[in-house]
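Each chain, written out:
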Amino acid sequence: MQTTAKTVVLHEFGGPEVLRIEDRPLGDPGPGEIRIRHHACGLNFIDVYQRTGLYPLELPHALGMEAAGVVEAVGEGVTHLHPGQRAAYAAAPPGAYCEARVMPAAQVCPLPDGISFEAAAAMMLKGLTVEYLFHRTTPLKRGDTVLFHAAAGGVGLIACQWAKSEGITLIGTAGTDEKCSLARFNGAAHCINYRSENFTERVAEITKGKGVDVVMDSVGADTFEGSLNCLKPLGMMISFGNASGPVPPFDIGVLGQKGSLKITRPTLFTHIADHSVCQAMARRLFGKVEGREVKIHIDQRFALDQVADAHRALEARQTTGSTILDL
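Residues numbered from 1 in each chain as written. Predicted model: local features only at pLDDT ≥ 70, side-chain atom pairs only at ≥ 80, totals over all residues. Heavy atoms only, no water.

## A look at the sheet that holds strand E9 (residues 145–148)
Alright, step 1. Strand order in the open sheet formed by 6 strands is E11-E10-E9-E12-E13-E14, with parallel pairing between adjacent strands. Of all strands in the sheet, those bounded by a partner on one side alone are strand E11 (190–193) and strand E14 (262–264). Adjacent strand axes in the sheet meet at a mean angle of 15° when their direction is disregarded.
Alright, step 2. As defined by bridge partners, strand E10 (residues 169–174) adjoins E11 across 4 bridges and the pair is classed as parallel. (Pairing = 2+ DSSP bridges. Helix = DSSP H or I, 4+ residues; strand = E, 2+ residues; numbered from the N terminus. Axes fitted to C-alpha atoms, helices over the stretch in contact; angles between N-to-C directions.)

Structure representation (structure tokens):
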């Protein structure tokens, strides 16, 4: 057995240049743990938040939240996985940017043979996020209208397809005409180029002044106020990310003035904390992919030692779809 694994480690917060690759020892899994050898790892904006210190980690710390590979060993009490099994996960603690690791087993999911390691690594965190946005955050039904920011990103392209598969009208936003075309191709009913159009005004035009039922916003500071203005009375604002920076404090009374609006700030890791819920969410995601209702777009690939370049591309909004690290 290989006794060490190349691992991306953070010793200080900062830009992509602080990411280091080190050989870390591999041991045997303890109770409730597995050892998994990765074939591919996924990149997400939460990795950037952790690298910069917006979401602080106790340093030094390995980075990365999702990957896919083969289980090498299981610890006492692990019954849903076995050695030699294909598996994938989005899970804490961070540490997925590596060749192999020992980690808690509860959020690691058996991977169907029909889904590649690369697709699984690209979709676990993003796809499970879409699952909770559409099924666990606020009631959504066929015919409802959703505004989804960053519709051409990894989460966004899954959301566009998911919405179409369930009869939900998705209005997307993106930063270029090309990205808008990509979102529409993947199921968005409309997509607004926020660099050339005022998205609040365009949403009002598209909805004939009614507004949308739900806003799903991972952008944060830049879009927050405009997003509230897009909601119909009693609408729900789901703020689930901070790509442009955290939302500043605001007067909660504004929600009443704008039509008794609701707002929530969920995280994936609250939803998947329960083992059985996590596994059920993964099965629904896998069903969407195996049923070809959702196709996973891997538009950027980097080697593990190119992880800093991958972060630079992600932060500069130069990516579409999902980005993976090949191993």
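## Quick look at the pattern of salt bridges
Alright, step 1. Under the criterion given, the structure shown has 16 salt bridges.
Alright, step 2. Its salt-bridge partner being Glu 205, residue Arg 202 comes within 2.9 Å of it at the nearest N-O pair. One end of the pair is Arg 202 and the other is Glu 205, both in helix H5 (residues 199–206) and 3 residues apart, which spans about a single turn.
Alright, step 3. Its relative accessible area of 52% is what places Glu 205 among the exposed residues.
Alright, step 4. The structure contains a network of salt bridges with shared partners spanning Asp 28, Arg 35, Arg 37 and Glu 72. (Salt bridge = Lys/Arg side-chain N within 4 Å of Asp/Glu carboxyl O. Buried < 20%, exposed > 50% of the residue type's maximum accessible area, 1.4 Å probe, protein only.)

## Describing the packing of helix H2 (residues 117–135) against helix H9 (residues 275–290)
Alright, step 1. It is the contact of H2 with H9, at a shortest axis distance of 9 Å, that shows an interaxial angle of 105°. Considered as vectors, H2 and H9 are oriented roughly perpendicular to each other. For the pair formed by H2 and H9, the contact residues are Met 123, Met 124, Gly 127, Leu 128, Glu 131, Tyr 132 and His 135 on the first element and Met 281, Ala 282, Arg 284, Leu 285, Phe 286 and Val 289 on the second.
Alright, step 2. Broken down by class, the residue content of the contact of H2 with H9 amounts to 9 nonpolar, 2 polar and 2 charged. (Parallel < 35°, antiparallel > 145°, perpendicular 65-115°, else oblique. Contact = heavy atoms within 4.5 Å. Nonpolar A, V, L, I, M, F, W, Y, C, P; charged D, E, K, R; others polar.)

## A few points about the pairing of strand E13 (residues 231–239)
Moving residue by residue along a regular strand, the side chains alternate between the two faces of the sheet.
Alright, step 1. Relative to E13, strand E12 (residues 212–217) runs parallel, the two sharing 5 bridges. Opposite Met 216, over in E13, you have Ile 238 as the bridge partner.
Alright, step 2. Running through helix H6 (residues 224–230), the crossover from E12 to the neighbouring parallel element E13 is right-handed.
Alright, step 3. Relative to E14, E13 runs parallel, the two sharing 3 bridges. (Right-handed = clockwise from strand over helix to strand, strands pointing away.)

## Looking at the packing of helix H1 (residues 45–52) against helix H10 (residues 307–315)
Alright, step 1. Closest axis-to-axis distance for the H1/H10 pair is 10 Å, and the angle between their directions is 105°. On the basis of the axis angle, H1 is roughly perpendicular to H10. Between H1, through Phe 45, Asp 47, Val 48 and Arg 51, and H10, the contact on the second element is made entirely by His 311, Leu 314 and Glu 315.
Alright, step 2. For the contact of H1 with H10, a count of residues per class yields 3 nonpolar, 1 polar and 3 charged.

## Considering the packing of aromatic side chains
Alright, step 1. In the structure shown here, the tally under the stated rule is 4 aromatic pairs.
Alright, step 2. With a centroid separation of 5.8 Å and 45° between ring planes, the pair formed by Phe 45 and Tyr 49 is classed as tilted. Here Phe 45 and its partner Tyr 49 are both found in helix H1, 4 residues apart, which amounts to about one turn of the helix.
Alright, step 3. Here Phe 45 falls in the partly exposed class, since its relative accessible area comes to 24%.
Alright, step 4. Sitting over the face of the ring of Phe 117, Arg 86 holds its NZ or CZ atom 4.4 Å from the ring centroid. (Phe/Tyr/Trp six-rings, centres within 6.5 Å; stacked < 30°, edge-to-face > 60°. Lys NZ or Arg CZ within 6 Å of the ring centre and 35° of its normal.)

## Topic: H10
Each α-helix winds once per 3.6 residues, and so residues spaced three or four apart point in a common direction.
Alright, step 1. For H10, every residue scored as buried is listed here: Val 307, Ala 308, Ala 310, His 311, Ala 313 and Leu 314.
Alright, step 2. Contacts from the buried residues of H10 go to strand E1 (4–10), strand E2 (19–25), H1, strand E15 (298–303) and strand E16 (322–326).
Alright, step 3. In the segment just after H10, Arg 317 is the residue with positive phi, at about 55°.

## What to know about the side chain of Asn 186
Alright, step 1. In this structure, Asn 186 sits in the loop between helix H4 (177–185) and E11.
Alright, step 2. We classify Asn 186 as buried; its relative accessible area is 7%.
Alright, step 3. Within the structure, the side chain of Asn 186 is placed 2.9 Å from the backbone oxygen of Leu 182, a separation counted as a polar contact.
Alright, step 4. Here Asn 186 is in contact with Leu 157, Cys 160, Gln 161 and His 297, once residues within four sequence places are set aside. (Polar contact = N/O pair within 3.5 Å; in protein donor to acceptor, adjacent residues only side chain to side chain.)

## Overview of the nonpolar core
Alright, step 1. Counting residues in hydrophobic clusters, the biggest one holds 57 residues, and the most contacted among them are Leu 128, Phe 134 and Met 216.
Alright, step 2. At 13 residues, the largest contribution of residues to this core is made by H2.
Alright, step 3. Formed by 28 residues, the second largest nonpolar core is a distinct cluster that contains Leu 43, Ala 67, Leu 81 and Met 103. (Core = buried A, V, L, I, M, F, W, Y, C linked by side-chain atoms within 4.5 Å.)

Interpretation in functional terms is not warranted from these geometric data alone.
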